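# Commentary on secondary and tertiary structure
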Amino acid sequence: MSSEMVPNITGGGGGSSLELGECTRNVGFQEDSGGSASDPTGDNRRSAAVDLDAVEYTQIKPYAGMPKEVLLLYSSQARYRVPRQIFFWLTVACTLVLVALTITVIALSPRCLSWWQASPVYQVYPRSFKDSDGDGVGDLKGILQQLNHFQYLNIKSVSISPFYRSPMRDFGYDVEDFRAIDPLFGTMRDFEELLAEMHNKGLKLIMDFIPNHTSDRHRWFNLSRTGDEHYKDYYVWTNCNATAPRPNNWVSVFGNSSWTYDDVRGQCYLHQFLKEQPDLNFRNPHVRKEMIDIIHFWLEKGVDGFRMSAVKHLLEATHLRDEPQVEPNKPQESITSQWDLHHDHTTSQLGLHDLLREWRAEMDIYSREPGRHRVMVTESYDDEVDKTMMYYSTPLVKESDFPFNFNLLDLPQNTSGFWVQHLVRRWMANMPSGQWPNWVVGNHDKPRIASSAGRGYARVINMLLLTLPGTPTVYYGEEIGMENINLTWSQTLDPAGRYNASAGRDPQRSPMQWSSGLNAGFNGKTNATWLPVHPDYSAVNVETQKKDEGSVLAQYRFLSALRQSALPLHRGWFCFIHADANVFSYLRELDGLDRAFLVVLNFGKASAVTDLSSVSELPARLTVRMSTDRANDGKVLQKSHIPTAAGEGLVIEFVTPTRFNPSHPAQCYVSEKACYLGFIDILYKC
C-alpha cells in the first residue's frame, strides 16, 4: 500500500467502520511478495482483502481519538474489564465502610458540651464594670469597650445584672419596665450593639430575669391599686387596716413586715423584699402570660439565656397563715428578721416547679437552632440541699440547666481541707445522676471571697473553681483578687445595709480596677464614681497584673485555658483522694487517656506535707504543672512527700495507664461518662 494513511475501511452488511490513525500499521494488510506494491488492475487487492466482519480487529493498543466502536472493542477485553470491575466494587465497599464508620462514631460519640459548659460564666455588675460617659456609673457602652477582657480570660459566657428601667431603690431589682433599658445604662440601641458585638466575638449573653416582683412604679401596680378590673389581681392583696397592717407574721428579706398598707386601694399588698417591690400574683394566668411575653421579647432580641432571680419566692400559700417561729417563745412583736421564722408558707410552694418548667418550654422554642441553646439558671438560697436539687431537669421534664451552687460561699467559716471536702461532697453526692455541677464563691449579694477568706487564699480558691468539674462562675474582679471596700454608715447606699449595717452589699460592688490611673480606669473622664474605688487599686488592677506572669490574673488565665484544653479537666472523672486539717486533694482523669491531673490545695493556716503513697494508681514521681507559688512550677515531687504552704495550690500532671475510678466508685463522680480512643483521637460512650 503506497499511502501512509488508510481512510475508513467499511465492512460488509453491518455498516460498521474502523478508522486507522496516521502512521499506524494495518496488520490486516498483506503485501504481494512477487509483485509491486501497486496493482492497477486491483486483482491483488481483492485477493488480499480481509473479511472484517469475520476476523477480529487486532490493533496492538488503543490510541487517542479512537471511535466509539474501537473503544467498546477494547473495553470488553478481560484485561481492561476485570480491573475496572475490581476498582468499582472496591469503591462501593470503601463507601459502605465509611458510612458505617460514620454512623458508628455518631452513635458512640458522647454529647458535645454546650457553650455554657465550655468556659466559666463571668458575672458583670453593670453599675461597677466600666463607665463610658463620665457620670460615675457603669453602663452598656462600658461593657462593650471591655469585651476583649473576656476573650483574654478565655471566657465564653457573660451574665449581666439588671439594666431594666428602674427607680433604683434596689439598684435595678425593682423593675419599672421589663422591655426598656434604664437611661443610666444607655439605650435599647446600645444594648443591641453590645449583643451583636458579643456574638461577633463568640460570646454569649445571659440576662438577669426578675419575675417575683416589680417596682411600685410599674404600670401594672398603679392599675392594680386603683382596682382596674383586668389588673386588680396582678399582685397579692389582702384586707387589713392602716393602723395595724400585719395580716400575719411574715417578714421580708430586708426585715420588718412583708405587708404594706396602700391607702388608694385600702388593702395591704405583699412584698417579700422592699415595700417598693410588690410581689406579683403568679396564681393569676394573666400574670403568667405577661411574664412569658417578656421572655419572648428578649429571646427575640437574641439573648442567650436567663438567670432566674429569687425563684423560691415566686409563690406563697393562699391561706396566709403565720409561719412557725424559730424560737417559739419569742414575742411576736419582736419578729423582725427573716431568720426569726421558718419560711414554710412563703418559699418553695407547690406549683413553683410547674411555673419554671413552663418557662423552660418557652425557651426551648428558641433553642432548636444548633449551637443556640438558651440556658436557664435558677437562683435560690435554700437551707436544704434537696430543695435546690429539684431545680435540675429530669429525664422526663426539662427545667433548669443548673441551679446556682452556693455551698462554697461557706468556705470562710472553716479553713481546713476537711471543710472544703465536705462542701464539695455535699453538692456532688446529692446532685442527680448525669447533671452538670457549678460553683460560686461570690456575687453582688455576698462578700468578696478574697476578703472573707483572706487575700492569701484568693489564688488557691481560683484554682479550686477552675479544676472542679462543672461550670465555675467568676464575679467581676475575682480574677485579680479584688477585695471589699470599707464604708461608713453615711456612705452606705444599699437598702439592706441601711437597715442592717452587717448585711450591706455595697462593699463588694466597688468599681472594677482596670489600671493604676484615674479612678482605677473605671471612669477616665471625670473624678466621679458611684461608690469609692478600693485604695489598693494601684497594685491590684488588670493592666498591672497583665505584665506580671506570676499575678492572680495570669494564673487565672492559665487555669482557664488549661481547663478548656485538657479533656480530664472539663469532662473527666472527679475523684476524692485525700483530706486533712489543711489539705484537700482530688484527681481528674478520663478513661482511655493516660494523661491525668492531681490537684493538691492547702486551705489551712500552716504548711503541710501530703503523703499519697497509698494511692497505687499514682506514679512515684510527679511533676508540678502549675503552683500558685510560681517558684514551684515544674518541680518533680515524690508522691509520698508533696509539700504545700498555707494558701498554696498545685496542679500536678502525670501519665499512667491505670485509672483510679474503676476501683473506687464511691469516691468518684462524672456527669456524662466518656472514654478516649487514642489512635484516632476521639471520645466515645463507654
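Scroll up a little and you will see the structure.
Below is a summary of the structure that appears in this document. (Residues numbered from 1 in each chain as written. Predicted model: local features only at pLDDT ≥ 70, side-chain atom pairs only at ≥ 80, totals over all residues. Heavy atoms only, no water.)

## Let's talk about the overall build of the chain
Per the secondary structure count, the chain includes 19 helices and 26 strands. Relative to a compact globule of 686 residues, whose C-alpha radius of gyration would be 26 Å, the chain shows 38 Å and is clearly more extended. C-alpha atoms of the chain, sized along the principal axes, occupy 145 × 75 × 50 Å. Expressed as a percentage of the 686 residues in the chain, the buried residues total 52%. Expressed as a percentage of contacts within the chain between residues at least 6 apart in sequence, the contacts between residues at least 24 apart total 68%. For the chain, the accessible area works out to roughly 30800 Å², and carbon and sulfur atoms hold 53% of it. Side-chain charges in the chain split into 67 positive and 79 negative, and the spacing between the mean points of these groups amounts to 2 Å. (Helix = DSSP H or I, 4+ residues; strand = E, 2+ residues; numbered from the N terminus. Rg over C-alpha atoms; globule rule 2.2 N^0.38 Å. Buried < 20%, exposed > 50% of the residue type's maximum accessible area, 1.4 Å probe, protein only. Contact = heavy atoms within 4.5 Å. Areas by Shrake-Rupley, 256 points an atom, 1.4 Å probe, with all protein chains shown as cover. Lys, Arg positive; Asp, Glu negative; His and termini not counted. Charge placed at Lys NZ, Arg CZ, Asp CG, Glu CD.)

## Overview of the state of the cysteines
Scanning all chains against the criterion turns up 3 disulfides. Each disulfide pairs two cysteine sulfurs, and for Cys240 the partner residue is Cys268, the sulfurs being separated by 1.9 Å. Across the S-S bond linking Cys240 and Cys268, the dihedral sits near 95°, which makes this disulfide right-handed. Of this pair, Cys240 sits in the loop between strand E8 (237–238) and strand E9 (259–262) while Cys268 sits in strand E10 (residues 267–270), and the two are 28 residues apart along the sequence. Classification of Cys240 as buried rests on a relative accessible area of 19%. For Cys268, a relative accessible area of 0% puts it in the buried group. Here Cys575 pairs with Cys668 through a disulfide, and the sulfurs are 2.1 Å apart. (Disulfide = S-S within 2.5 Å.)

## Remarks on a nonpolar patch on the surface
Residues Val82, Ile86 and Leu90 make up a contiguous nonpolar surface patch of roughly 260 Å² in combined accessible area. For Val82, a relative accessible area of 37% puts it in the partly exposed group. (Patch = residues over 30% accessible without salt bridge, like charges linked within 9 Å, V, L, I, M, F, W, Y side chains within 5 Å. Salt bridge = Lys/Arg side-chain N within 4 Å of Asp/Glu carboxyl O.)

## Thoughts on the pattern of salt bridges
Counted according to the given criterion, the structure contains 30 salt bridges. Residues Asp340 and Lys330 are paired through a salt bridge, measuring 3.1 Å at the closest nitrogen-oxygen approach. Separated by 10 residues along the polypeptide, Asp340 in the loop between strand E11 (305–308) and helix H11 (352–365) and Lys330 in the loop between E11 and H11 bring together distant segments of the chain. Classification of Asp340 by relative accessible area gives buried; the value is 13%. For the salt bridge of Lys398 with Asp364, the shortest nitrogen-to-oxygen distance reads 3.4 Å. Taken together, the residues span a long stretch of sequence, with Lys398 in the loop between helix H12 (385–389) and strand E13 (402–403) and Asp364 in helix H11 at a distance of 34 residues. Of the residues examined, Lys398 reaches a relative accessible area of 42% and is grouped as partly exposed. What emerges from the salt-bridge pattern is a single network uniting Asp170, Asp445, Asp494, Arg505 and Arg509.

## A short note on the packing of helix H8 (residues 188–200) against helix H10 (residues 285–301)
Between H8 and H10, the shortest axis-to-axis distance is 11 Å and the interhelical angle comes to 55°. On the basis of their axis angle, the class for H8 and H10 is oblique. Only Phe297, Trp298 and Lys301 of H10 make contact with H8, whose side of the interface consists of Met188, Phe191, Glu192 and Leu195. Here the residues of the contact of H8 with H10 are counted per class, giving 5 nonpolar, no polar and 2 charged. (Axes fitted to C-alpha atoms, helices over the stretch in contact; angles between N-to-C directions. Parallel < 35°, antiparallel > 145°, perpendicular 65-115°, else oblique. Nonpolar A, V, L, I, M, F, W, Y, C, P; charged D, E, K, R; others polar.)

## Let's talk about the sheet that holds strand E14 (residues 438–440)
Read across the open sheet, the 8 strands follow the order E13-E12-E11-E7-E4-E3-E15-E14; overall the sheet is parallel. Each edge of the open sheet carries a strand with a single partner, namely E13 and E14. Two strands pair when backbone bridges link them, and strand E7 (residues 204–209) and E11 are joined in this way by 4 bridges, in the parallel orientation. Bridging across to E11, Asp208 finds its partner in Arg307. Contacting strand E4 (157–160) and E7, H8 crosses the sheet at an angle of about 140° to E7. (Pairing = 2+ DSSP bridges.)

## Notes on the environment of Tyr122
Residue placement: Tyr122 occurs in strand E3 (residues 121–124). Residue classification places Tyr122 among the buried positions, given a relative accessible area of 0%. In this structure the side chain of Tyr122 is engaged in a polar contact, spanning 2.7 Å, whose partner is the side chain of Glu479. (Polar contact = N/O pair within 3.5 Å; in protein donor to acceptor, adjacent residues only side chain to side chain.)

## Examining unusual backbone geometry
With glycine set apart, most residues show a phi of negative sign, and most peptide bonds adopt trans. A positive phi is found at Asn154, a non-glycine position, where the angle reads about 65°. Structurally, the position occupied by Asn154 is in the loop between helix H7 (147–152) and E4.

Geometry only, nothing functional implied.
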